[in-house]
Amino acid sequence: MNQIPLIFLGVFAAIATSFWGLLIVPQSQIGQLESARVDNYLSGYPRPRTGLASQGAETYRANGCVECHTLQVRSKTQGTDIQRGWGTRRTIAQDYLLESPVQLGSVRLGPDLTNVGRRQSDSLTLLRKLYNPRLVSEGSLMPRYEYLFTKRKLVGDERASKDALPRDTEPGYEIVPKPEAIALVAYLQSLVSDAPLFSAPVLGVKTNRTSTAAPAKPSK
Amino acid sequence: MASHAHDIGKPERVSVELINQSCRWPVLMLFAGALLWLVLGLLLGVLSSVKMHAPAFWANCEWVTFGRLRPGFINVLVYGFATQAALGSALWIVARLSRIELLLGGLVFAGGLLLNAGVAVGLLQILAGQSTGYAWMEIPRQGAAVITAGYLLIALSALYTLHRRTEKELYISAWFLVGGLLAFPWLMSIGYLLAVVNPLRGVMQSVAAAYLQNGLMHLWLTPMALALTYYLLPKVTGREIHSNQAAAFGFWTLILFGAWSGTSLLAGGPVPRWIEGAGVSAKWLLIVPVAAYASNFILTAFAGKRGARSGIAWPFLLFGSLAYVAFILLDIYGTFQGPARTLSLTPYSMGVTQLGLLGFVGMILLGGICHITEKVLDAEFRRPAILVQILFSLVGILMVVGGYVVSGFVSGAKLADPAIPFVTASRSLLPFFGMATLGFSVILLGQLVFVAGFTKLLLHATADSRAGFCSWCCDKIETGSGKKARAGV
């Protein structure tokens, strides 16, 4: 008996059923999510990322930050993320609605960055961290991103430019962040995912009572 | 050889020597490419591993930043080495099982060129900062399309040869080969179309990418490795496979549970629990095909009277099969609720991945390369060199996997206490990262020794044609100068 058609059918059935179960069915559930109505988010949650922050997302992807950092907060039963101050609640599908690519990360060689915009909003600190992480966190194993900066010799009596990192190089030189570094910092500052949602409430904070999937009824 | 009147138009059975000869250059081309990428990939692995414990090393060059080196390393190993070696082995096994010469060999050359070009372009794109951001598929769409095109040409040759086989019944290896060959293009399409080219909304992209990543391991590389083992085991032990039914059962359960286990990679992540649950349950059920394979292996190789287990591939098959069982068990262990609290998102998963990719698939494919190269060239590797390769690979893989797995437990235990700062937890991993660097270096050394032996065999096999070419050149030069002498110049 020619078994090849049988094998073909079997492989096709396995892939087709798993494709249906793991991709089509979830797509009908969470692929249709819309922006959620949340207080303080005028255009809905999640807030669309624009300008420098969206350019910074490209820098994040291009330099493979996902190899060391995650962008997901786990629930209290699954880890100590919340106790560590990495978020006030776990992240859910709603938080990633407008992301592309979605870089959840698979290993934490560095801390989780989902809410780094809450923990560290000072641009200078973030820039210095990128230039030489050991300046900001002693003992950190993060690589230096020197190539995101330019080291310029100051000519004559020239003063350091506004953007330059203070004090981090010998006199007569300045370290100026390149546009990619500034964009990346803007992106990191935009990383906040702690709006209380129906499916992921924050203890002690009121959420809007509608779920994200149902359309809001107009109030009288 | 009798020709059957009712088989007019079907090729007749061909001698083993002719089959080996027909496979020689297509298969060796793919093996040479695979070994090249293995060496380059391991080099990238050593470099990226160094950066994990020496972060200032070579930090001012964006082409070799850790975030680009590491995906380059993984993609080169998966597409350049493992996929290419699997295809080369598949071609030879198919020709031998079909008992005819390899057909459409020209397509293999074209496909091999495309495959290698795609990997090269893909690697350069990753190092230039164009990674897609998704694990095991960081090569951008252009490189991936070229790789898949190259793959399709090679698969066409394999499947057409199988189609024209003289032996109607399919040996179990052919089942695994057909399964794997059919799965690969499906997986690439689903992953790339839904996560990169026309991305689904939000976290569904991660689901599609996880489907591809998991599928590449369980539906592509695993079947190809098992096909190789099921073919070589009888050669090496002199006994038939203990149970064809168990092997077939293992095939169907592998395909079914492998396909459904994709979302186990997102366990603990921002997807509805039932999606994780389906994936994790299917991952646990992978113990079934593993048990079927392991029992077949043990009962074929070790049961009964002590037969000779000889043949160059035997140590590779043994180590690779042990690694397969360990890989699945460790993978499943990491999904149990208790261990997952400490082990998830630690380097534990990196160790499990290396165990599956290098320990299981890598070793079995290398064993296949050894055995098949000897057959198609009708030559033998020098045994001391192979011994060095096996020893170094074994030691190196144990160091890498052991280092990462133990570091997962150590780091997980520290991170489970919120009072311990993150930097403290990550610094405790330094010795393990150092061990991994050493391990990768040792593996690389072992493969360099093997590649030297492989090159030597190739040079020896081409000695006649190279000498012929040299004397042809010399003749041309002589007749040229002879003509000039006669013309009185």
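Everything numeric in this text was worked out from a predicted model, so none of it was measured. (Residues numbered from 1 in each chain as written. Chains lettered and ligands numbered in written order. Predicted model: local features only at pLDDT ≥ 70, side-chain atom pairs only at ≥ 80, totals over all residues. Heavy atoms only, no water.)

Draft legend 1. Fine view of the interface of chain B and chain A. In this assembly, 85 residues from chain B lie in contact with 75 residues from chain A. Of the roughly 6,600 Å² buried between chain B and chain A, counting both surfaces, carbon and sulfur atoms make up 64%. The interface formed by chain B and chain A contains one salt bridge. We note a salt bridge from Arg201(B) to Glu34(A), for which the minimum N-O separation is 3.8 Å. The tally of links between chain B and chain A comes to 23 residue pairs in polar contact (both at pLDDT 80 or more). In terms of residues, the side of chain B that touches chain A owes the most to one element, helix α5 (residues 172-197) of chain B, which gives eight residues. In terms of residue class, the side of chain B that touches chain A is made up of 51 nonpolar, 20 polar and 14 charged. (Contact = heavy atoms within 4.5 Å. Buried area = accessible area lost by both parts, 1.4 Å probe. Salt bridge = Lys/Arg side-chain N within 4 Å of Asp/Glu carboxyl O. Polar contact = N/O pair within 3.5 Å; in protein donor to acceptor, adjacent residues only side chain to side chain. Helix = DSSP H or I, 4+ residues; strand = E, 2+ residues; numbered from the N terminus. Nonpolar A, V, L, I, M, F, W, Y, C, P; charged D, E, K, R; others polar.)

Draft legend 2. Structural detail: the domain arrangement of chain A. All names here are of chain A. For chain A, the domain assignment lists domain 1 (36-115 + 193-208) and domain 2 (121-190). A C-alpha centroid distance of 26 Å is found between domain 1 and domain 2. Regarding the contact of domain 1 and domain 2, the summed buried area is about 970 Å², with carbon and sulfur atoms giving 69% of it. Interface area lost by domain 1 to domain 2 is led by Leu52, Thr59 and Asn63, which between them contribute 41%. (Domains from an automatic or database assignment.)

Draft legend 3. A look at the packing of helix α13 (residues 383-415) of chain B against helix α15 (residues 430-461) of chain B. All names here are of chain B. The interhelical angle for the contact between α13 and α15, taken along N-to-C directions, is 160°, at an axis separation of 7 Å. One way to sum up the angle between α13 and α15 is to call them roughly antiparallel. In this structure, α13 meets α15 at a crossing whose hand is left-handed. (Axes fitted to C-alpha atoms, helices over the stretch in contact; angles between N-to-C directions. Parallel < 35°, antiparallel > 145°, perpendicular 65-115°, else oblique. Left-handed = near helix turned anticlockwise from the far one by under 90°.)

Draft legend 4. Main features of a nonpolar patch on the surface. There is a patch of nonpolar side chains on the surface, built from Phe8(A), Leu9(A), Phe12(A) and Trp186(B) and spanning about 390 Å² of accessible area. The element best represented in the nonpolar patch is helix α1 (residues 4-30) of chain A, accounting for three residues. Inspection of the secondary structure assignment puts Phe12(A) in helix α1. We classify Phe12(A) as partly exposed; its relative accessible area is 36%. (Patch = residues over 30% accessible without salt bridge, like charges linked within 9 Å, V, L, I, M, F, W, Y side chains within 5 Å. Areas by Shrake-Rupley, 256 points an atom, 1.4 Å probe, with all protein chains shown as cover. Buried < 20%, exposed > 50% of the residue type's maximum accessible area, 1.4 Å probe, protein only.)

Draft legend 5. Spatial organisation of the packing of aromatic side chains. Residues and elements named next belong to chain B. Applying the stated criterion across every chain, the model contains 31 aromatic pairs over all chains. Measuring from centroid to centroid gives 5.9 Å for tryptophan 175 and tryptophan 252, while their planes differ by 70°, and the two rings are edge-to-face. Here tryptophan 252 lies in helix α7 (residues 244-260) and tryptophan 175 lies in helix α5, a separation of 77 residues in the sequence. Taken together through their ring pairs, the aromatic side chains of Trp175, Phe176, Tyr230, Phe251, Trp252, Tyr293, Phe297, Phe302, Trp314, Tyr324 and Phe360 make up a single cluster. (Phe/Tyr/Trp six-rings, centres within 6.5 Å; stacked < 30°, edge-to-face > 60°.)

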